[in-house]
Amino acid sequence: GVTRLLLTRIPFFKEIIVSSFACDSCSWSNTEIQSAGRIQEQGVRYALAVTSRQDMNREVVKTDCATARIPELDFEIPAFTQKGVLTTIEGIIDRAVAGLEQDQPIRRATDELVASKIDEFIGKLKQLKEVHSPFTFIIDDPSGNSFVENPRAPRTPQQAAMLGLQGEELDEKPANSTEDLRNEVLQFNTNCPECNAPANTNMKLVQIPHFKEVIIMATNCDSCGHRTNEVKSGGAIEPQGTRITLRITDPSDMTRDVLKSETCSVEIPELEFELGMGALGGKFTTLEGLLKDIRDLVERNPFTLGDSSAPSKTEKLREFLGKLQEIIEGKAKVHFIMDDPAGNSYLQNVYAPEEDPELTVE
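Since the structure is predicted, the reported quantities are computational estimates derived from the model, not experimental observations.

1. Section: the side chain of Asp340
Its location among the elements puts Asp340 in strand S20 (residues 335–340). Polar contacts involving the side chain of Asp340 include one to the side chain of Ser345, which spans 2.8 Å. Not counting the four nearest positions on each side in its chain, Asp340 is found in contact with Gly241, Thr242, Ser261, Thr263, Cys264 and Ser345.

Okay, here's the thing in structure tokens:
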């Protein structure tokens with residue numbers, strides 16, 4: 001099978017490594033976590049009073065060396081008996097139930113009394129999940145790397161009011177926070193670039209996986225039906241520019257996601273073709289979509305193939321468009337190069353997290 005590793009950060013906590021294993025033969029899967037940080041100067045002991053169903057959903061990081069206890073049941077998961085795990089309070093209880101139920105058939109065959117007592121205890125654990133009465137969940141970790149989520153972190157509204165930080169504006173949400181922008185489509189009035197009629201532009205903040213945030217802007221004109229979309233980088237200019245080279249070898253390469261920022265130029269050496277950084281603006285599309293946009297840009301220009309074009313150039317451009325169509329259909333093997341001095345462009349690696357043999361990023 002294949003084990004995948006992901007370095008991630010838990011808010012208000014620290015970096016961890018999540019490892020995920022899946023077997024195609026028997027469909028068994030497993031996830032574990034390891035701390036990506038050092039052993040802390042001091043150990044930690046979290047004691048949570050579980051009083052509602054919402055508390056069962058709190059995130060928990062339990063490392064290998066942590067001990068978990070529920071005093072009301074005299075229940076304890078000793079250190080080093082389980083691998084580290086990123087789960088919830090309910091997940092910890094479910095895992096304990098699964099571990100106890102695993103050998104019950106053997107116990108029933110050998111010692112009926114012990115099996116019945118464990119059945120009774122499993123029933124008590126399952127009852128805890130309903131939170132009919134409050135109980136205490138304790139994690140004791142000498143390494144200092146375990147964690148129980150505080151949904152009101154870093155401070156409660158009452159604590160903030162006591163410190164005089166927010167006063168009477170306690171219940172108001174901060175205007176235009178990043179989280180609000182992620183979940184909201186903003187709209188503003190504009191004019192259609194084709195017929196100049198009043199139109200609306202929609203704007204949305206989107207996170208591209210394994211890359212960064214971008215702003216997608218889309219305009220739709222009800223008068224003439226013109227539609228356009230553009231992508232703006234949501235982050236800062238990178239310290240270094242990026243040059244991405246893809247060797248197109250298969251028709252499936254056309255389905256790769258592409259983010260071309262407004263500062264990115266495109267080159268296809270085999271066609272002696274270069275698209276300047278100002279043309280087409282920012283685009284978030286597929287490789288096929290970007291090549292079709294390039295084709296449309298050439299076809300619609302009146303000075304290349306329209307009424308104002310010179311007959312001597314028309315034949316050469318028709319030949320160029322034929323070669324471009326072969327690339328779109330996956331019949332030609334060429335190099336596709338994106339050069340972005342701002343470092344805000346992206347071409348999908350379909351082999352992620354492994355390296356892509358046909359993709360080079362400089």
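Moving on, there is more to tell.
2. So, the pattern of salt bridges
One pass over the full model with this rule turns up 14 salt bridges. For Lys129, the salt bridge is made with Asp94, and the minimal N-O distance between the two is 2.7 Å. Of this pair, Lys129 sits in the loop between helix H3 (112–128) and strand S9 (135–141) while Asp94 sits in helix H1 (residues 89–102); the two residues are 35 residues apart in sequence, bridging distant segments of the chain. Overall, the relative accessible area of 18% leaves Lys129 in the buried class. A relative accessible area of 33% places Asp94 in the partly exposed class. The closest approach of N and O atoms between Glu358 and Arg247, which form a salt bridge, is 3.4 Å. In this pair, Glu358 sits in the loop between strand S21 (346–347) and strand S22 (359–361) while Arg247 sits in strand S15 (residues 242–247), placing the two residues 111 residues apart along the sequence. With relative accessibility at 35%, the residue Arg247 sits in the partly exposed group. Among the ionic contacts, a cluster of salt bridges with common partners joins Asp253, Arg256 and Asp356.

3. Some words on the sheet that holds strand S4 (residues 44–50)
Taken together, 4 strands build an open sheet; the order of strands is S4-S9-S6-S7 and the sheet is antiparallel. Each edge of the open sheet is held by one strand with a lone partner, namely S4 and strand S7 (75–77). Strand-to-strand twist across the sheet, computed as the mean angle between neighbouring axes with direction ignored, equals 15°. Sheet topology note: the strand S6 (residues 67–70)/S9 ladder contains 3 bridges and is antiparallel. What sits directly across from Arg69, in S9, is Ile138. Against the sheet, H1 makes contact with S4, S7 and S9, and its axis sits at roughly 85° relative to S9, the strand it touches most.

4. Description of the pairing of S9
Most of S9 is tucked away, with 5 of its 7 residues classed as buried. Pairing of S4 with S9 involves 7 bridges; the strand directions are antiparallel. Bridge assignment links Arg45 to a residue of S9, and that residue is Asp140.

5. Observations concerning the packing of helix H6 (residues 287–300) against helix H7 (residues 311–328)
Two packed helices can be described by the angle between their axes and the distance between those axes. Relative to each other, H6 and H7 sit at 165°, their axes nearing to 10 Å. In terms of axis orientation, H6 runs roughly antiparallel to H7. Of the two possible hands of crossing, H6 and H7 adopt the one that is left-handed. On H7, the residues that touch Glu288, Leu291, Lys292, Ile294, Arg295, Val298 and Glu299 of H6 are Leu317, Phe320, Leu321, Leu324, Gln325, Ile327 and Ile328. Of the residues belonging to the contact of H6 with H7, the class tally is 9 nonpolar, 1 polar and 4 charged.

Criteria and cut-off values
Residues numbered from 1 in each chain as written. Predicted model: local features only at pLDDT ≥ 70, side-chain atom pairs only at ≥ 80, totals over all residues. Heavy atoms only, no water. Helix = DSSP H or I, 4+ residues; strand = E, 2+ residues; numbered from the N terminus. Polar contact = N/O pair within 3.5 Å; in protein donor to acceptor, adjacent residues only side chain to side chain. Contact = heavy atoms within 4.5 Å. Salt bridge = Lys/Arg side-chain N within 4 Å of Asp/Glu carboxyl O. Buried < 20%, exposed > 50% of the residue type's maximum accessible area, 1.4 Å probe, protein only. Pairing = 2+ DSSP bridges. Axes fitted to C-alpha atoms, helices over the stretch in contact; angles between N-to-C directions. Parallel < 35°, antiparallel > 145°, perpendicular 65-115°, else oblique. Left-handed = near helix turned anticlockwise from the far one by under 90°. Nonpolar A, V, L, I, M, F, W, Y, C, P; charged D, E, K, R; others polar.

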